[in-house]
2 protein chains.
Amino acid sequence: MARIVMKFGGTSMAGIERIRHVASLVKREVEAGNQVAVVVSAMAGETDRLIQFCREASSLYDAREYDVVVASGEQVTSGLLAITLQGMGLNARSYMGWQLPIRTTTAHSAALIDEIDVEVLEAAFEQGGVAVIPGFQGVAADGSVATLGRGGSDTSAVAIAAAMKADRCDIYTDVDGVYTTDPRIVPRARKLPVVTYEEMLELASVGAKVLQTRSVGLAMRENMPIKVLSSFEDRPGTMIVADSEIEEHGMERQLITGVAHDKNEALITLMGLPNTPGEAAAIFAPMAEAGINVDMIVQSVPRAGEKTDMTFTVPRASLAQAADILERLKDKIGFSEMLTDTAVSKISIVGVGMRSNPGVAATMFQTLADRQINILAITTSEIKVSVLIHEDYTELAVRVLHTAYGLDQDVEG
Amino acid sequence: MARIVMKFGGTSMAGIERIRHVASLVKREVEAGNQVAVVVSAMAGETDRLIQFCREASSLYDAREYDVVVASGEQVTSGLLAITLQGMGLNARSYMGWQLPIRTTTAHSAALIDEIDVEVLEAAFEQGGVAVIPGFQGVAADGSVATLGRGGSDTSAVAIAAAMKADRCDIYTDVDGVYTTDPRIVPRARKLPVVTYEEMLELASVGAKVLQTRSVGLAMRENMPIKVLSSFEDRPGTMIVADSEIEEHGMERQLITGVAHDKNEALITLMGLPNTPGEAAAIFAPMAEAGINVDMIVQSVPRAGEKTDMTFTVPRASLAQAADILERLKDKIGFSEMLTDTAVSKISIVGVGMRSNPGVAATMFQTLADRQINILAITTSEIKVSVLIHEDYTELAVRVLHTAYGLDQDVEG
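One structure accompanies this document, and this report is about it.

What counts as what
- Residues numbered from 1 in each chain as written.
- Chains lettered and ligands numbered in written order.
- Predicted model: local features only at pLDDT ≥ 70, side-chain atom pairs only at ≥ 80, totals over all residues.
- Heavy atoms only, no water.
- Helix = DSSP H or I, 4+ residues; strand = E, 2+ residues; numbered from the N terminus.
- Rg over C-alpha atoms; globule rule 2.2 N^0.38 Å.
- Buried < 20%, exposed > 50% of the residue type's maximum accessible area, 1.4 Å probe, protein only.
- Contact = heavy atoms within 4.5 Å.
- Areas by Shrake-Rupley, 256 points an atom, 1.4 Å probe, with all protein chains shown as cover.
- Lys, Arg positive; Asp, Glu negative; His and termini not counted.
- Charge placed at Lys NZ, Arg CZ, Asp CG, Glu CD.
- Phe/Tyr/Trp six-rings, centres within 6.5 Å; stacked < 30°, edge-to-face > 60°.
- Pairing = 2+ DSSP bridges.
- Axes fitted to C-alpha atoms, helices over the stretch in contact; angles between N-to-C directions.
- Parallel < 35°, antiparallel > 145°, perpendicular 65-115°, else oblique.
- Left-handed = near helix turned anticlockwise from the far one by under 90°.
- Nonpolar A, V, L, I, M, F, W, Y, C, P; charged D, E, K, R; others polar.
- Core = buried A, V, L, I, M, F, W, Y, C linked by side-chain atoms within 4.5 Å.
- Least-squares fit on C-alpha atoms with pLDDT ≥ 70 in both.
- Polar contact = N/O pair within 3.5 Å; in protein donor to acceptor, adjacent residues only side chain to side chain.
- Salt bridge = Lys/Arg side-chain N within 4 Å of Asp/Glu carboxyl O.
- Arc of directions from axis to C-beta.

Quick look at the overall build of chain A
Next up, step 1: Broken down by element type, chain A carries 13 helices and 20 strands.
Next up, step 2: The C-alpha radius of gyration of chain A comes to 24 Å, within 12% of the 22 Å expected for a compact globule of 413 residues.
Next up, step 3: Its C-alpha atoms give chain A principal-axis dimensions of about 75 × 60 × 35 Å.
Next up, step 4: Burial status across chain A gives 56% buried among its 413 residues.
Next up, step 5: In chain A, of all internal contacts separated by at least 6 residues, the share reaching a separation of at least 24 is 75%.
Next up, step 6: When the accessible surface of chain A is totalled, it reaches about 17400 Å², and 49% of it is carbon and sulfur.
Next up, step 7: Charge-centre separation for chain A: the mean point of 36 positive side chains lies 2 Å from the mean point of 54 negative side chains.

In structure tokens, the structure reads:
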């Protein structure tokens, strides 16, 4: 017997037919003797519909009331899944965030989970019951409904799994696992049977859209194994576990786990900057104040007495705002010209194995150089190297790196 | 300064444009210095959509989970109205049934309101706040969401008005008041400036669809004045008050307040019944057990030693079920033949004035006889006389009775 959380996203809950399929997956786990809590998203499209209502009601909508409105989407799917499970003979019941309760901060629409009371869940499990819980929401200390922000259902699932000391948290989604790279670009991409939390965090942060980054971070802190699998196809998925447990899963350690790409960055170059201390702070402090996430930064090495340039990336969605802020501070910062470019792409290689292999980055640069792909910026972390290139070369770069690191799947001939 | 509850139905809340209009009506009351709680229904069509989901999920859906699903409709409109009111500069906030709380029985999907805690509302009013409350729902003693059944929002509004000791409860709907009869049948129907609770109860029970019967009964017990008015047209509505207060409203008492019709009845006749004691019980006890509401009953006066007939009405929706039960009991009851007829219509005259005027019923029968309209059954109450006629004569009967009791509006020539 295992105790598991099963989480289903909006595509899996889109309509009664799909909910019925989800119920059959839940039933299988219960019949295998497991204790199951199910965390559900709203039907695909429903949250967008509700957000649109709020926007139309008032452009300056109150986050507290926004939460009341959007939380209804998961309330509906929770009730419907409980009804469907009951119709299949299971002892199922829904529990809203305020009923457990799932206590959150009062930061409406971006709340954090403080604490989850699992007493009623324990009581339900003792009677062979299945608990259905709406993801993405809880109740704040003042008794108001609070949502965790878009994609928060993954985080709800991991937090509930940790609170109820589950053996694992199964995230059912519309892909069947984590791949070495995007299979639409590289048909020979391989599904990874297992990755580490850190690798998944890095992959999620650079464009692999399988899981919400925040949920992976939480799973890592709580050491809660996650399994990513498809709700549509009955195939083994990908386990996400701690670095120390990789070998228990019988995996030979790879140098590189995956190659990711991200076209959501935009490049800003400020030219003719004075070469004075505090220049970087003058640029980046206003970005931070506006909540704009600056990623890659390249400063041309200045020669004494000469002007210098600064290049950095921001999310494409924030480019207009960032450019506007910088333009207004032009005199204060002292740059002569600002260039922006959205035709860029960030290519990343991720792998715990690179820690002990100093040649990994060099292989990346050489591989790209061999194809005449120009590198605009570079950032590195412990287990990741990212380069910014022209958008047109995205697919080529992903393919050649995937081959260079030996990730291509063997095709039987 | 007055303290009022404003209640808006599904048609008034159907979409952001209409919600904005509702908000403007609320704003007007607040700016007039009133303390306002608003009770809202779900958007028109939404509750049906959610019920349909439940039915598809399982034909034997659990009422507790059904309540979780359908309660979401009013949650959405409450949040959206609060947002809209805030956008107009008002200090508005939504309060779910479980947040106040509105305590109900655990009879899911048909719960009764036990008690409403108005402490948070009082606090809101003290700070000049407007409270928006989803109708139709509350929280049961076990902490589960419970709904009051279809049309329960009127009842919510009256119960909240009573709990907060409001001066009146304004029910905004898609008609602009209570009329002497259906204006689609009698163009000269008059809008009543005031009716008594008892008259409204009788009118509602015989087909005037303005208010949910239960809400009128509650208002009568709590002596809470109701005002029915249109959310679309700015015209005086109809006040519903206690009998003793009618004259305070400067009204000359009418003999008859209104003429109503109801095509939702079906006639069952059992022929060749034995003329023995307990025969009526043998027929109607099984109807009561099946929850079928038997209305008008006519028994032919039996002569000693002869067989007798029994005629009665049931709601059309229950006819098939009733006929099925009776057919199975045919031998036990001992009737020789069963006839059913759905082409019938119940015409009622209602008025507190008839208590002291014994000739009222006779006028009704004579008026119908003059037009060769055959009466199939008759029932009377203190302030109502109902007759069952052939459906084809519905409009004619309503028109001639409306004229006979002097209800036609004077048309300026």
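Here's the deal with the packing of aromatic side chains
For any pair of aromatic rings, the description consists of the separation of the ring centres together with the inter-plane angle of the planes.
All names here are of chain A.
Next up, step 1: For the coordinates displayed, the defined rule picks out seven aromatic pairs over all chains.
Next up, step 2: Both rings, one in F284 and one in F312, keep their centres 4.9 Å apart while their planes meet at 80 degrees; by these two values the pair is edge-to-face. Here F284, found in helix α9 (residues 279–289), pairs with F312, found in strand β16 (residues 308–315); they are 28 residues apart in sequence, far enough to count as distant.

Some thoughts on the pairing of strand β14 (residues 265–273) of chain A
Residue and element names in this part refer to chain A.
Next up, step 1: Burial runs high along β14: eight of the nine residues are buried.
Next up, step 2: With five bridges joining them, β14 and strand β17 (residues 337–341) adopt antiparallel strand pairing. Along β17, the bridge assignment pairs L270 with M338.

A short note on the packing of helix α3 (residues 63–70) of chain A against helix α4 (residues 72–87) of chain B
Next up, step 1: Close contact between α3(A) and α4(B) brings their axes to 7 Å; oriented N to C, the two are set at 160 degrees. It follows from the interaxial angle that α3(A) and α4(B) lie roughly antiparallel. Where α3(A) crosses over α4(B), the handedness of that crossing is left-handed. Between α3(A), through E65(A), Y66(A), V68(A) and V69(A), and α4(B), the contact on the second element is made entirely by Q75(B), V76(B), G79(B), L80(B), A82(B), I83(B) and Q86(B).
Next up, step 2: Along the lines of polarity and charge, the residues of the contact of α3(A) with α4(B) split into seven nonpolar, three polar and one charged.

Notes on the nonpolar core
Side chains of a nonpolar character, in soluble globular proteins, are inclined to be buried together.
Next up, step 1: In this structure, V5(A), L121(A), I160(A), M164(A) and L211(A) are the most contacted members of the largest nonpolar core, which totals 43 residues.
Next up, step 2: Taken together, the elements giving at least two residues each to this core come down to β2 (35–40), α5 (119–126), β6 (130–134), α6 (152–163), β9 (168–173), α7 (197–205), α8 (213–222) and β11 (226–230) of chain A.
Next up, step 3: The element best represented in this core is α6(A), accounting for five residues.
Next up, step 4: Residues V39(B), Y95(B), A131(B) and V178(B) belong to the second largest nonpolar core, which totals 42 residues.

Considering the relation of the copies chain A and chain B
Next up, step 1: Rotating chain A by 180 degrees and translating it 0.0 Å along the rotation axis places it on chain B, where the RMSD comes to 0.1 Å. The transformation just described matches what one would write down for a two-fold rotation axis. Within chain A, S72(A) has its C-alpha nearest the rotation axis, a separation of 2.7 Å.
Next up, step 2: By residue overlap, the copies meet face to face through one surface: 100% of the interface positions of chain A are interface positions in chain B.

Section: the side chain of T238(B)
All names here are of chain B.
Next up, step 1: One can find T238 in strand β12 (residues 238–241).
Next up, step 2: Residue classification places T238 among the buried residues on the basis of a relative accessible area of 0%.
Next up, step 3: Polar contacts involving the side chain of T238 include one to the main-chain amide nitrogen of V178, which spans 2.8 Å.

Re the pattern of salt bridges
Where charged atoms from two side chains of opposite charge approach closely, those side chains can pair.
Next up, step 1: Scanning the entire structure with this criterion turns up 40 salt bridges over all chains.
Next up, step 2: In this structure, K263(A) engages E395(A) in a salt bridge whose closest nitrogen and oxygen atoms are separated by 3.3 Å. Of the two residues, K263(A) is situated in the loop between β13 (258–262) and β14 and E395(A) in helix α13 (residues 394–404); the sequence distance between them amounts to 132 residues.
Next up, step 3: On the basis of relative accessible area, K263(A) is assigned to the partly exposed category, the value being 29%.
Next up, step 4: For D234(B), the salt bridge goes to R28(B), with nearest N and O atoms at 3.1 Å. With D234(B) in the loop between β11 (226–230) and β12 and R28(B) in helix α1 (residues 16–31), the pair connects residues that are 206 residues apart, well separated along the chain.
Next up, step 5: Its relative accessible area of 40% is what places R28(B) among the partly exposed residues.

Considering the sheet that holds strand β7 (residues 137–140) of chain A
All names here are of chain A.
Next up, step 1: Here we have four strands laid out as an open sheet, ordered β5-β4-β7-β8, and mixed in their pairing. The open sheet is flanked by β5 (113–116) and β8 (145–147), the only strands paired with a single partner. Between one strand axis and the next, the sheet turns by 45 degrees as a mean value, whatever way the strands run.

A word on helix α13 (residues 394–404) of chain B
Residue and element names in this part refer to chain B.
Next up, step 1: All of the buried residues in α13 are T394, A397, V398, V400, L401 and H402.
Next up, step 2: Contacts from the buried residues of α13 go to β13 (258–262), β18 (344–350), α12 (360–370) and β20 (384–390).
Next up, step 3: Within two residues after α13, G406 carries a phi angle of roughly 70 degrees, on the positive side.

A short note on the side chain of T77(B)
Residue and element names in this part refer to chain B.
Next up, step 1: Structurally, the position occupied by T77 is in helix α4.
Next up, step 2: In this structure the side chain of T77 is engaged in a polar contact, spanning 3.2 Å, whose partner is the backbone oxygen of E74.
Next up, step 3: Those residues in contact with T77 that lie beyond four places of it in its chain are M13, V40, S41, A42 and M43.

A short note on the packing of helix α4 (residues 72–87) of chain A against α4(B)
Next up, step 1: For the pair α4(A) and α4(B), the least separation of the axes is 9 Å and the interaxial angle reads 180 degrees. Taken as axis vectors, α4(A) and α4(B) run roughly antiparallel relative to one another. Contacts between α4(A) and α4(B) involve S72(A), Q75(A) and V76(A) from the former and S72(B), Q75(B) and V76(B) from the latter.
Next up, step 2: Taken together, the residues of the contact of α4(A) with α4(B) break down into two nonpolar, four polar and no charged.

Here we look at the sheet that holds β11(B)
Residues and elements named next belong to chain B.
Next up, step 1: Pairing is mixed in the open sheet, where eight strands are placed in the order β3-β6-β2-β1-β9-β11-β12-β10. For this open sheet the edge positions go to β3 (92–94) and β10 (194–196), each flanked by a neighbour on one side alone. Adjacent strand axes in the sheet meet at a mean angle of 20 degrees when their direction is disregarded.
Next up, step 2: Alignment of β11 against β12, held across three bridges, turns out to be antiparallel. Note that in β12 the partner of K227 across the bridge is M239.
Next up, step 3: Strands β2 (35–40), β3 and β6 (130–134) of the sheet are contacted by α4, whose axis makes an angle of about 160 degrees with β6.
Next up, step 4: Seen against the sheet, helix α5 (residues 119–126) touches β1 (3–8), β2 and β6 and runs at an angle of roughly 130 degrees to β2.

Topic: the environment of A124(A)
Residue and element names in this part refer to chain A.
Next up, step 1: Mapped onto the elements of the fold, A124 is located in helix α5.
Next up, step 2: It is 15 Å that separates the C-alpha atoms of A124 and I160, two residues lying 36 residues apart in sequence.
Next up, step 3: When neighbours within four sequence positions are excluded, A124 is seen to be in contact with Y95 and G129.

Focus: helix α12 (residues 360–370) of chain A
All names here are of chain A.
Next up, step 1: What α12 keeps buried is the set V360, M364, T367 and L368. Taken down its axis, α12 places every buried residue within 95 degrees of arc, on the same side.
Next up, step 2: Packed against the buried residues of α12 are β18 (344–350), β20 (384–390) and α13.
Next up, step 3: Just beyond α12, the residue with positive phi is Q372, at close to 65 degrees.

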